[in-house]
Amino acid sequence: MTLTTRTIAGLALIAATVTACAPGAAPTEAPDAGKAVSSALPTEPVTLTLSHFEEGGQGKAIEQLAAKYQQLHPNITIKPTYTAFADYGKNIKLQMSSESAPDIAQAGQAQTMQGPLVQAGLLRPLDEYAKLYGWSERFKPGLLDQARFSKDGKTFGTGELYGIALGGNLVGIYYNRDKLAKLGITTPFKDLAAFQDALAKAKAAGETPIQLGNLEAWPGNHVLSDLIAQYEPLENGLNWVYGRKGATFDSPGVQQATKTLAEWAKAGYIDSSANGTSDSDGVGKFIKGEGVFMVSGSWNRSRIDENMDGKAGFTAMPPVKAGDPVRATGATTSPFSISAKTKYPDVAANFIDFMTRPENAATLFQGGYLPVAERDTGQPKAGSAQEGLVETWQQVLADDGLALYLDWATPSMGDTLFPAVQQLIAGKTTPDKLISTVQENWADERGNG
């Protein structure tokens, strides 16, 4: 499969310039920021550590590429280290500040991780490497802009480049083909009402309509964000994520989306054990047939297809009104950045470049990364979840329908939003309380209060 130029152009629209007011120390210059860069590799033994939070097929793809790189360069060792996302985000700044900081680290866009790291001077600007390796020709500007920040770490989407993403990701609805056939349910759903009818039918048949593992608190926020993408005008949601003055989470669309999620939980449409089940175990339960649907991201696709052997499909969360553009939560995957402390920035940049070269596109695609450049990735298997995922990805981009992740909005938004969604699913908070708590965090940290 080759991604079309139109599809790539659509993805460029998710990047924009925004002025944020993030807290943190004054930035410091990277120790070797003025040193000329080179693609030449050393001949002596070199070991680079790479820190990431990619699970399943995506994590496997990173390991495969590290092994392939080492075969080409026997004197260089790449040591990938995985940490679960929930813990990774909490510790990344401390980890990058330490004397044993990884040479390469995955750093989530915007204010989730990258902004605070740029402010603290912990990441090395990559613009010279972008020129050296031709990254601006390999990727459309909008893709690179997602990893740009001003030197003070306050302006997202412009300024210096601090990372390169390996692909794209998307949130949508996985479904069990056998269960849909028994229930007489067909996809794609023409509108949100049709999907809600399917949830009610699954519940009435004694099935778990939506499987969810939300012990870590962040998975449930993807259900909410995809609902917001249907009810709230896309521009309003993007303005809020970008921190633009006057934006608010307390809007009619967000109110309706939050109310809908609370109603789904109360009606028993979401697995009652969701908040006590890890994300990984929730995926495992879906694979075993416990659940008709699962709202989750492309990062779980590889595991699902490998274990369900053609019995799983993927479709978009349907719009409120039939025929409206397809909207979904998604973006490029979290970029890989180079530590300002590394002794081998040239080697680190060479490996990042290697991971994104056209000859490695198929490895990334099979691992679950959605293609973000026009290149041959291979065809998805007919009848697989991957097939539906790629079709959905291309449709969302063609409709300019990517809604960015809500926790990008402020450095601590995840710490505020995720537990609030967890409590909403448990019936321990109200939609109004969730919205006011989230907006208060946004106003305080963005300086728009």
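Just above sits the structure.
Residues numbered from 1 in each chain as written. Predicted model: local features only at pLDDT ≥ 70, side-chain atom pairs only at ≥ 80, totals over all residues. Heavy atoms only, no water.

**Things to note about the overall build of the chain**
Operational definition: Numbering of helices and strands runs from the N terminus, with a helix taken as a DSSP run of H or I at least four residues long and a strand as a DSSP run of E at least two residues long. Radius of gyration here is computed from C-alpha atoms only, and the compact-globule reference equals 2.2 Å multiplied by the residue count raised to the power 0.38. Only protein chains enter the accessibility calculation, which uses a 1.4 Å probe. A residue is then buried if its area is under 20% of the maximum for its type, exposed if over 50%, and partly exposed in between.
Scanning the chain from N- to C-terminus turns up 19 helices and 13 strands. Taking 22 Å as the expected radius of gyration for a compact globule of 449 residues, we find that the chain reaches 21 Å, a close match to that expectation. Expressed as lengths along the three principal axes of its C-alpha atoms, the size of the chain is roughly 65 × 50 × 40 Å. Looking at the chain as a whole, 59% of its 449 residues are labelled buried.

**Some remarks on helix 14 (residues 301-308)**
Since one α-helical turn is 3.6 residues long, residues separated by three or four positions face the same way. Basically, it comes down to this: The directions from the helix axis to the C-beta atoms form the arc being described.
Considered for burial, the residues of helix 14 that qualify are R301, S302, I304, D305 and M308. End-on view of helix 14: buried residues confined to an arc of 165°, all on one side of the axis. Looking one or two residues beyond helix 14, the residue adopting positive phi is D309, at roughly 45°.

**Observations regarding the nonpolar core**
Inclusion rule: What is meant by a nonpolar core is a set of buried Ala, Val, Leu, Ile, Met, Phe, Trp, Tyr and Cys residues, joined one to another through side-chain atoms within 4.5 Å. Contact criterion: two residues are considered in contact whenever any of their non-hydrogen atoms come within 4.5 Å of each other.
Core analysis: the largest hydrophobic core is formed by 77 residues, its most contacted members being F195, W240, F249, W264, I270, F293 and L434. In terms of residue count, helix 18 (residues 413-425) provides more of this core than any other element does, seven residues in total. If we ignore the near neighbours within four places in the chain, the residues touching L434 are L224, F249, T258, A420, V421, L424 and T429. Counting 59 residues, the second-largest nonpolar core is a separate cluster that includes I76, L126, A147 and L364.

**Comments concerning unusual backbone geometry**
Residue P188 is bonded to the preceding T187 through a cis peptide linkage, with omega at 0°. Structurally, the position occupied by P188 is in the loop between helix 8 (177-183) and helix 9 (192-204). Phi at A217 takes a positive value of approximately 80°, unusual for a residue other than glycine. Considering the arrangement of structural elements, one finds A217 in the loop between helix 9 and helix 10 (219-231).

**Remarks on helix 2 (residues 56-72)**
Here is the rule: A helix is expected to span 1.5 Å multiplied by its residue count minus one.
When the terminal C-alpha atoms of helix 2 are compared, their 25 Å separation across 17 residues agrees well with the 24 Å that a helix rising 1.5 Å per residue should span. When helix 2 is considered as a whole, its buried residues turn out to be G57, Q58, G59, A61, I62, L65, A66 and Y69. Its buried side turned inward, helix 2 meets strand 2 (46-52), strand 3 (76-82), helix 14, strand 12 (336-338), helix 15 (345-355) and helix 16 (361-367).

**Observations regarding the environment of N350**
Here N350 shows up in helix 15. Taking the C-alpha atoms as reference, N350 lies 8.7 Å from A40; in sequence the two are 310 residues apart. When sequence neighbours within four positions are dropped, the list of residues in contact with N350 reads S39, L41, Y69, H73, Y133 and R357.

**Quick word on the pairing of strand 11 (residues 328-332)**
Selection criterion: Two strands qualify as a pair provided that DSSP identifies no fewer than 2 bridges between them.
With five of five residues buried, strand 11 lies mostly within the body of the structure. Bridge count between strand 8 (residues 168-176) and strand 11: three bridges; the pairing is antiparallel. Bridged to G168 within strand 11 is T332.

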